[in-house]
Amino acid sequence: MRFRHPDGTTVHLAYCTNVHPAETLDGVLAQLRDHCEPVRRRLGRDRLGIGLWLAKDAARALDAEPSALRVLRTALDRRGLEVVTLNGFPYEGFGAEEVKYRVYKPDWADPERLDHTTALARVLTGLLPDDVTEGTISTLPLGWRTAWNAERAETARAALRTLADRLDALADLTGRSVRVGLEPEPGCIVETTADALAPLTAVGHPRIGICVDTCHLATSFEDPHPALDALAAARVPVVKSQLSAALHAEHPHLAAVREALAAFDEPRFLHQTRTVTAAGLHGTDDLGEALAGTALPADRPWRAHFHVPLHAAPAAPLTSTLPVLKAALTRLVGGPHPLTRHLEVETYTWQALPPELRPRARAQLIDGIAAELALARDLLTDLGLKELP
């Protein structure tokens with residue numbers, strides 16, 4: 001979906017296909033047929049943006065075989081779909097029964113992360129619509145915090161500098177620019193936007209910036225306005241933003257609240273949980289850990305890294321951090337000029353929701369994704385952007 005900003009630029013809205021995990025090109029093509037095109041039709045649009053997640057094997061096949069890339073591009077065009085952004089965070093196995101810490105491997109101290117991201121960039125230049133010259137990729141925020149040291153940090157910085165050089169060369173070769181954004185996430189080396197300032201200014205290249213995920217932003221109790229102001233002051237570009245909402249519990253000391261939270265404690269993904277006190281941010285690596293003991297003070301609100309559907313906040317006594325998303329979006333695209341032109345709805349946890357909230361059929365999932373995109377569309381038009389055909 002495309003929108004015209006009041007300054008005349010085009011803002012793209014997509015939804016991320018990591019909600020339909022597939023490891024191969026055939027699996028990606030099936031996603032387009034079974035989910036993406038039906039979402040477009042459900043919205044009544046001639047064109048729909050999707051943020052592709054390409055696992056290792058799919059990315060390698062597309063990068064190695066020009067004919068495979070043509071097949072994918074043809075399928076996108078035929079189904080009324082377009083790609084301007086990729087989710088390069090998960091490497092493989094995102095559809096496994098247990099993902100948890102595995103999603104952070106390989107990290108940016110591993111040469112494979114650089115090679116994979118480079119392959120994604122090459123693929124993206126071949127998928128961009130004919131009238132679009134800039135693509136974006138989100139990637140993990142360096143790595144998980146444990147076993148990280150100064151040597152690994154310097155290796156990661158060197159890898160990002162090499163990536164920047166490769167992206168420059170790719171732009172010279174293709175005439176298409178690709179930018180990559182570190183996506184701050186709780187528990188990682190770069191947990192907050194503030195944590196991103198030092199490594200990104202050290203790299204110091206306009207093609208390497210930040211991806212602001214509004215669920216992660218909210219989970220770490222960041223206020224969007226000063227957070228984005230600090231990025232602007234440091235000249236760190238907001239490459240893209242993922243529109244998502246976290247789980248919020250206002251009174252976690254109450255038994256009813258803890259019972260409601262326990263329904264979201266599931267075995268597939270990590271749901272880092274945070275609270276903030278006068279002493280700063282406190283957290284656990286997973287929701288079950290927070291509920292099981294006294295690691296977090298329970299006299300203040302908790303937020304859990306669980307991407308809940310944008311249009312359907314959980315029932316009381318829980319809610320979502322949709323207000324944080326709205327505040328971030330106002331700052332991102334509500335001003336005289338957009339801070340980013342690529343927005344991506346990313347709710348990948350539909351099948352991890354409590355059983356009574358999960359979609360039971362493909363049609364229900366399609367309806368849910370369409371409803372999220374419709375909400376995001378309405379937020380954008382309320383900010384003065386005009387939806388384009």
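Scroll up for the structure.
On a predicted model such as this, the values are computed, not experimentally measured, just so you know.

Draft legend 1. Looking closely at the nonpolar core. Formed by 120 residues in total, the largest nonpolar core has its most connected members in Leu-13, Tyr-15, Ile-50, Leu-54, Trp-108 and Leu-373. Of the residues forming this core, the biggest block, 10 residues, is contributed by helix H12 (residues 362–382). Discounting residues that sit within four places of it in the chain, Leu-13 has contacts with Met-1, Phe-3, Gly-49, Leu-243, Leu-343, Val-345, Leu-373, Ala-376, Arg-377 and Leu-380.

Draft legend 2. A look at unusual backbone geometry. In this model, Lys-105 is joined to Pro-106 through a cis peptide bond whose omega is -10°. Locating Pro-106 in the fold gives a position in the loop between strand E4 (81–87) and helix H4 (111–127). With an omega of 15°, the peptide bond between Ala-316 and Pro-317 qualifies as cis. Note that Pro-317 resides in the loop between strand E12 (302–308) and strand E13 (318–320). Positive phi, close to 45°, is recorded for Lys-100, a residue that is not glycine. As for its placement among the helices and strands, Lys-100 is situated in the loop between E4 and H4. Not every positive phi belongs to a glycine, and Arg-235 is a case in point at roughly 60°.

Draft legend 3. Layout of the environment of Leu-388. Locating Leu-388 in the fold gives a position in the segment after strand E15 (386–387). Each C-alpha atom of the pair Leu-388 and Met-1 lies 7.4 Å from the other, and the pair is 387 residues apart in sequence. Residues in contact with Leu-388, not counting those within four places in the same chain, are Arg-2, Phe-3, Arg-4, Thr-10 and Arg-45.

Draft legend 4. Inspection of the packing of aromatic side chains at higher detail. The final tally for this structure, using the stated rule, is 8 aromatic pairs. Between the aromatic rings of Tyr-101 and Trp-144, the centroid separation amounts to 5.3 Å while the plane-to-plane angle is 85°, which identifies the pairing as edge-to-face. Taken together, the residues Tyr-101 in the loop between E4 and H4 and Trp-144 in the loop between strand E5 (134–139) and helix H5 (150–174) connect sequence positions 43 residues apart. The ring of Phe-221 is capped by Arg-303, whose NZ or CZ atom sits 4.4 Å from the centre of that ring.

Draft legend 5. Representation of the sheet that holds E12. Reading across from one edge, E11-E10-E12-E9-E13 is the order of the 5 strands in this open sheet, with antiparallel pairing throughout. Looking along the sheet, the strands with just one partner apiece sit at the ends: strand E11 (280–284) and E13. Direction aside, the axes of adjacent strands within the sheet are offset by 30° on average. As defined by bridge partners, strand E9 (residues 245–249) adjoins E13 across 3 bridges and the pair is classed as antiparallel. Each residue of the ladder has a partner; that of His-248, found in E13, is Thr-319.

Draft legend 6. Structural context of the pattern of salt bridges. A complete count under the given rule lists 30 salt bridges for this structure. Linking Glu-112 and Arg-60 is a salt bridge whose minimum nitrogen-to-oxygen distance equals 3.2 Å. Of this pair, Glu-112 sits in helix H4 while Arg-60 is found in helix H2 (residues 56–64), placing the two residues 52 residues apart along the sequence. Under the relative-accessibility criterion, Arg-60 is labelled partly exposed at 43%. Shared partners join several salt bridges into a network, and the residues in it are Arg-2, Arg-47, Glu-82 and Asp-131.

Calculation rules
Residues numbered from 1 in each chain as written. Predicted model: local features only at pLDDT ≥ 70, side-chain atom pairs only at ≥ 80, totals over all residues. Heavy atoms only, no water. Core = buried A, V, L, I, M, F, W, Y, C linked by side-chain atoms within 4.5 Å. Buried < 20%, exposed > 50% of the residue type's maximum accessible area, 1.4 Å probe, protein only. Helix = DSSP H or I, 4+ residues; strand = E, 2+ residues; numbered from the N terminus. Contact = heavy atoms within 4.5 Å. Phe/Tyr/Trp six-rings, centres within 6.5 Å; stacked < 30°, edge-to-face > 60°. Lys NZ or Arg CZ within 6 Å of the ring centre and 35° of its normal. Pairing = 2+ DSSP bridges. Axes fitted to C-alpha atoms, helices over the stretch in contact; angles between N-to-C directions. Salt bridge = Lys/Arg side-chain N within 4 Å of Asp/Glu carboxyl O.

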